[in-house]
Amino acid sequence: MKTLPTDVLNWIEQQSGKLSSLKAAREDLSQRYQQKEPGQHLQHADAIPAYLVTRLPATYAVLARVFEELHSRLPDFTPQRLWDLGAGPGTATLAALELWPELQSELVESQVAMVQAGRDLFAHLSLSDQLQWHTHSLPGLPRQHTPDLISLSYIVNELSPDLRKQVYQNLQNQQALVVITEPGTPIGYQHILEARQHFLAAGWQIVGPCPHALACPLPAGDWCHFAQRLPRTSLHRQLKSGSQGYEDEKFAWLAVHPTQSGNPFEARILRHPRKNKGNIGLHLCTEQGITDPILGKSNPKYKMLRKAEWGDKLW
């Protein structure tokens, strides 16, 4: 499981208000998060603290996992400057700094209250000098410095089709690794697929999660998504009326680069492996399409696959 640093969790607890008000804000946030039409998600008066308690840990866990994979795919890639677009309180920046602590970040976030929450958080972490905030909406981008890493984290779903296209066209002018994360829903996958097609048509390379740059082989009605487990705090469980000490955040993602695709791999596991006695059943995305092999103990990869999970790569 991936969890926020302890000092961040402590800071979040300090921002929390009355439980009843936070519950109402959390329910409003959840409904807006699942909506199919573009729109702003933080409308309730207590949306910011509700977001910090329930959404920040989940988005951080997802981004930490994605960045770790990108680090393994491009081991020599050490970004110096991040553009954190649709930054919220700086979640992508927070996750990236765990891997690349010297990173400088420019954060674009249109909601003033969220920017203030982010400023307070990074001041608490004594990291403010590595950040520059921009309070405006996309498709407006930072202009002063050139990035080598760009994150659009859970923001594409808030943009209209025309704005999405404009953002992608603007990003084509950058020689940077572009990482897009979206909710692991059918509409989230459609947004990822749209971005994938756009950047491939522009001649960019796919770094992840796809093992190829061919048309997505999933049939109609299916969608490519993954899950990241994270622990719940006591307050988190109360807000979601949950009994389990963890949750699984479903997400979809895409990473593209103008020239690099990273170390090649054979397949991506798209479902939980079926680990039976003496064999393992897999649902894979490969260059040959979707395959469902059943591998026995005689397979040289059997031992390795006993530990494989949904979302893992196969080399």
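Residues numbered from 1 in each chain as written. Predicted model: local features only at pLDDT ≥ 70, side-chain atom pairs only at ≥ 80, totals over all residues. Heavy atoms only, no water.

Peer 1: Would you mind going over the overall build of the chain with me for this structure?
Peer 2: The helix and strand tally for the chain stands at ten helices and 15 strands. Expressed as a percentage of the 315 residues in the chain, the buried residues total 54%. Taking as baseline every contact in the chain between residues at least 6 positions apart, the subset at least 24 positions apart corresponds to 71%. A total of about 14,200 Å² of accessible surface is found on the chain, and carbon and sulfur atoms cover 48% of it. (Helix = DSSP H or I, 4+ residues; strand = E, 2+ residues; numbered from the N terminus. Buried < 20%, exposed > 50% of the residue type's maximum accessible area, 1.4 Å probe, protein only. Contact = heavy atoms within 4.5 Å. Areas by Shrake-Rupley, 256 points an atom, 1.4 Å probe, with all protein chains shown as cover.)

Peer 1: Explanation requested: the packing of helix α4 (residues 56–73) against helix α5 (residues 91–99) in the structure shown.
Peer 2: Two numbers describe a pair of packed helices, the interaxial angle and the distance between the axes. Two elements in contact, α4 and α5, have axes whose closest approach is 8 Å; the angle formed by their N-to-C orientations is 45 degrees. Taken together, the axes of α4 and α5 lie oblique to each other. Considering how the two elements wind past one another, α4 and α5 form a crossing that is right-handed. Along its contact with α4, which presents Leu56, Thr59, Tyr60, Leu63, Ala64, Phe67, Glu68 and His71, the element α5 presents Thr91, Ala92, Leu94, Ala95, Ala96, Glu98 and Leu99. Of the residues in the contact of α4 with α5, the class split is ten nonpolar, three polar and two charged. (Axes fitted to C-alpha atoms, helices over the stretch in contact; angles between N-to-C directions. Parallel < 35°, antiparallel > 145°, perpendicular 65-115°, else oblique. Left-handed = near helix turned anticlockwise from the far one by under 90°. Nonpolar A, V, L, I, M, F, W, Y, C, P; charged D, E, K, R; others polar.)

Peer 1: Would you explain unusual backbone geometry in this entry?
Peer 2: Looking along the chain, the bond that leaves Leu138 and enters Pro139 is cis, with omega of 20 degrees. Relative to the helices and strands, Pro139 resides in the loop between β3 (131–134) and β4 (149–153). With an omega of 0 degrees, the peptide bond running from Gly208 to Pro209 counts as cis. For Ser126, which is not a glycine, the phi torsion comes out positive at approximately 60 degrees. Along the chain, the position of Ser126 falls in the loop between α6 (112–124) and β3.

Peer 1: Explanation requested: the sheet that holds strand β15 (residues 313–314) in the structure shown.
Peer 2: Here four strands make up an open sheet; going across it, the order is β13-β12-β9-β15 and the pairing antiparallel. Both edges of this open sheet fall to β13 (289–291) and β15, since each of them pairs with a single strand only. As paired strands, strand β12 (residues 284–286) and β13 are joined by three bridges and run antiparallel to one another. Across the sheet, Cys285 pairs through a bridge with Ile290, a residue of β13. (Pairing = 2+ DSSP bridges.)

Peer 1: Looking at this structure, how should I read the pattern of salt bridges?
Peer 2: Charged atoms that come close allow side chains of opposite charge to pair. According to the stated counting rule, one finds eleven salt bridges in the structure shown. Note that Glu69 is salt-bridged to Arg268, the shortest N-O span being 2.6 Å. Taken together, the positions of Glu69 in helix α4 and Arg268 in strand β9 (residues 267–269) put the pair 199 residues apart, joining distant regions of the chain. The class of Glu69 is buried, set by a relative accessible area of 13%. On the accessibility criterion, Arg268 (2% relative accessible area) is buried. Between Glu194 and Arg164 there is a salt bridge whose closest N-O contact spans 2.6 Å. With Glu194 in helix α8 (residues 186–201) and Arg164 in helix α7 (residues 161–171), this residue pair connects regions lying 30 residues apart in the sequence. Residue Glu194 is classed as partly exposed on the basis of its relative accessible area of 28%. Residue class for Arg164 comes out buried when judged on its relative accessible area of 6%. A single salt-bridge network, built from bridges that share partners, covers Glu69, Arg268 and Lys313. (Salt bridge = Lys/Arg side-chain N within 4 Å of Asp/Glu carboxyl O.)

Peer 1: Before we go on, may I ask you to explain the side chain of Arg268 in this structure?
Peer 2: Within the structure, Arg268 has its side chain in polar contact with the backbone oxygen of Gly311 (distance 2.9 Å). Apart from residues no more than four positions distant in its own chain, Arg268 is found in contact with Glu69, Gly208, Pro209, Pro211, Phe226, Trp253, His283, Leu284, Cys285, Gly311, Asp312 and Lys313. (Polar contact = N/O pair within 3.5 Å; in protein donor to acceptor, adjacent residues only side chain to side chain.)

Peer 1: Looking at this structure, how should I read the sheet that holds strand β10 (residues 274–276)?
Peer 2: Strands in a sheet are paired, the pairing made by backbone hydrogen bonds, and the direction either parallel or antiparallel. Spatially, β10-β11-β14 is the arrangement adopted by the three strands of the open sheet, whose pairing is antiparallel. Two strands lie at the open edges of the sheet, namely β10 and β14 (294–296), each paired on one side alone. Mean inter-strand twist for the sheet, computed between neighbouring axes without regard to direction, equals 15 degrees. As defined by bridge partners, strand β11 (residues 279–281) adjoins β14 across three bridges and the pair is classed as antiparallel. When the sheet's bridge partners are listed, Gly281 is paired in β14 with Ile294.

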